[in-house]
Amino acid sequence: RTGYLIFIRGNRSYDLDQPGPTFNSTNTTLRAKGTVLTGDQSFTPLTGVNTNSLATNPYVSPLDWAKVYANPANSGFASYIQLWDANVGTRGGYVSIYNNGISSNFSSAITTEIQSGEAFFLTNSVSSPGNFIVREQDKSATSNLQVYDPLVQQPQLFTSLYFYDSEHGRRIADGTHALYDDTYSAGIDDNDADQFSNMDEDIALLRNGHKLSIETRPLIVASDTLFLFMQRMKTLGYEWQFNGNGLFDPSITAVLVDNYMSTQTPIDLTNQTVIPFNVDLTIAGSQATNRFYIVFNPGNPLPVTLNSIRAYSVPPSGARGPGINVDWSVNQQFNRDRYEVEKSITGANFSHAGTVVATATTGAANYSWFDA
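Read on for a plain summary of the structure. Being a predicted model, the structure only gives us computed values, none of them experimental.

1. Considering the side chain of Arg135
Tracing the backbone through its elements, the reader meets Arg135 in the loop between β8 (132-134) and β9 (156-165). Here the side chain of Arg135 touches Asp138 through a polar contact of 2.9 Å, side chain to side chain. For Arg135, the residues in contact, after removing those within four places along its chain, are Asp40, Tyr59, Leu63, Lys67 and Asn71.

2. Details of the environment of Tyr164
Structurally, the position occupied by Tyr164 is in strand β9. Under the relative-accessibility criterion, Tyr164 is labelled partly exposed at 48%. For Tyr164 and Gly237, which are 73 residues apart along the polypeptide, the C-alpha to C-alpha distance reads 7.5 Å.

3. Some points on the environment of Lys67
Here Lys67 lies in helix α1 (residues 65-70). Along the sequence, Lys67 and Glu113 sit 46 residues apart, while their C-alpha atoms lie 9.9 Å from each other. Leave out the neighbours within four places in its chain, and Lys67 touches Arg135, Gln137, Asp138 and Lys139. Within polar-contact distance, the side chain of Lys67 engages the backbone oxygen of Lys139 at 3.1 Å.

4. Comments concerning the pattern of salt bridges
Counted according to the given criterion, the structure contains 13 salt bridges. The partner of Glu136 in a salt bridge is Lys139, with the nearest N and O atoms 2.8 Å apart. Residue Glu136 is classed as partly exposed on the basis of its relative accessible area of 30%. For Lys139, a relative accessible area of 25% gives the class partly exposed. The salt bridge partner of Asp258 is Arg291, with a shortest N-O separation of 2.9 Å. Residue Asp258 is located in strand β16 (residues 252-258), and its partner Arg291 is located in the loop between β18 (272-279) and β19 (292-298); the two are separated by 33 residues in the primary sequence. Of the residues examined, Arg291 reaches a relative accessible area of 2% and is grouped as buried. Residues joined in a network through salt bridges with shared partners are Arg207, Glu215, Arg217 and Asp224.

5. Some details on the nonpolar core
Counting residues in hydrophobic clusters, the biggest one holds 27 residues, and the most contacted among them are Trp240, Leu256, Phe277, Ile294 and Phe296. Secondary-structure elements contributing two or more residues to this core are β9, β10 (169-180), β12 (202-207), β14 (224-231), β15 (236-244), β16, β18 and β19. Those residues in contact with Trp240, other than ones at most four positions away along the chain, are Thr159, Ser160, Leu161, Ile203, Leu228, Met230, Leu256, Thr273, Val274, Ile275, Phe277 and Phe292. Ranked by size, the runner-up nonpolar core spans 18 residues in total, among them Trp65, Val68, Val95 and Leu122.

6. Overview of the packing of aromatic side chains
In total, this model carries 21 aromatic pairs according to the counting rule given. Consider the rings of Tyr180 and Phe296, whose centres lie 5.8 Å apart with planes at 70°: the pair is edge-to-face. Here the residue Tyr180 occupies a position in strand β10, and Phe296 occupies one in strand β19, the gap between them amounting to 116 residues. The same class applies to Tyr180 and to Phe296, which are both buried. A network of ring pairs unites the aromatic residues Phe43, Trp65, Tyr69, Phe77, Phe120 and Phe132 as a single cluster. Geometry around Tyr162 places Arg170 over its ring, the cationic atom sitting 3.6 Å from the centre. Across the ring face of Phe229, the terminal group of Lys211 is positioned such that the distance to the ring centre comes to 4.9 Å.

Scoring rules and cut-offs
As a convention, each chain's residues are numbered from 1 in the sequence order in which they are written. Confidence filtering applies because this is a predicted model: local features only for residues at pLDDT of at least 70, side-chain atom pairs given and counted only at 80 or more, and all residues used for totals across whole chains, interfaces and linings. Water and hydrogen atoms play no part in the side-chain values, which are based on all heavy atoms of the structure. Secondary structure elements follow DSSP: runs of H or I no shorter than four residues count as helices, runs of E no shorter than two count as strands, and numbering proceeds from the N terminus. Counted as a polar contact is a pair of N or O atoms within 3.5 Å, where, for protein atoms, one must be capable of donating a hydrogen and the other of accepting one, and residues adjacent in sequence contribute only when both atoms are in side chains. We call two residues contacting when some pair of their heavy atoms lies within 4.5 Å. When accessible area is computed with a 1.4 Å probe and restricted to protein chains, residues below 20% of their type maximum are described as buried, those above 50% as exposed, and intermediate ones as partly exposed. Should a side-chain nitrogen of Lys or Arg be within 4 Å of a carboxyl oxygen of Asp or Glu, the pair is scored as a salt bridge. Residues belong to a common nonpolar core when they are buried Ala, Val, Leu, Ile, Met, Phe, Trp, Tyr or Cys residues joined through side-chain atoms within 4.5 Å. Stacked, tilted and edge-to-face are the three classes applied to pairs of Phe, Tyr and Trp rings, where Trp contributes its six-membered ring and a pair requires centres within 6.5 Å; stacked means planes under 30 degrees apart, edge-to-face means over 60, and tilted covers the rest. Here, a charge over a ring means that NZ of Lys or CZ of Arg falls within 6 Å of the ring centre while also lying within 35 degrees of the ring normal.

Okay, here's the thing in structure tokens:
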């Protein structure tokens, strides 16, 4: 019943002050042991107004904070608790939630359902609130495993269609969402959401004859295309708004192709891009359902950063004779296929000596090559 904050840092070769492509955590499994607690449980909090005390959900089922707070025995405590959300920031953070479900963090998965084994902070509303009581009847049947699972960090592109209304100003007409991850199929499956047609402006992502509001695709490794479908447009000025989440391969570029205007406009995959256009219903090409599409292209490989290189002679070892070992470490390794090693007798004329395939790791990597 004691609460702990345990920080699992994973592989110690990674610098925790450098989150991003150079930081990768490793899987860790924690198992709880001991006797299963049943019946009402009592916690002795600290005394003093606004004092914070740590309590836990002692049961092997979720606990509903709304029910716990409704217990008259707990009237000496504030109506909110503080829960840890591992998905806040780069290392987690605290989220406040009231008994009515109002949270301090809009994007947090935290709810009033306290999961089995989850700890939380109470706040005293009076100097001596008495013991904090958790009862069997406060249990919940609702599981919220998202508080433990990491948020899916995958490239995403939101496409929104806006227009201007004389009364309300800029208004959204419709939107789509494209997600990229190698766990997704290139075909249409249950991860892809069909588009329900609107009465007015209607946009979708068109794939294999399907109109999709959400499309899931494998990661982009070659040229790829998002086909935008639009219908029920008006003679009006519109705006495309594209919001990328910055998780695409840095070398990937995207452009919006306008078949009618014969233009290509770059799309920023890390921020917001707004592209205005006009529709004239008297011109077929202007209102064509296939007027727009987005083309993704891998750009030139970014320059790799060579951190260090060392060549040194090594004595015979086992069946291997003496030779030269070459070690090197790199950073910013994106879109890298292989490293080719060349050598020279004269120091002027070099010839190919060996090839080392680049690892799948992006960011930092270490390599070694032996020349007998």
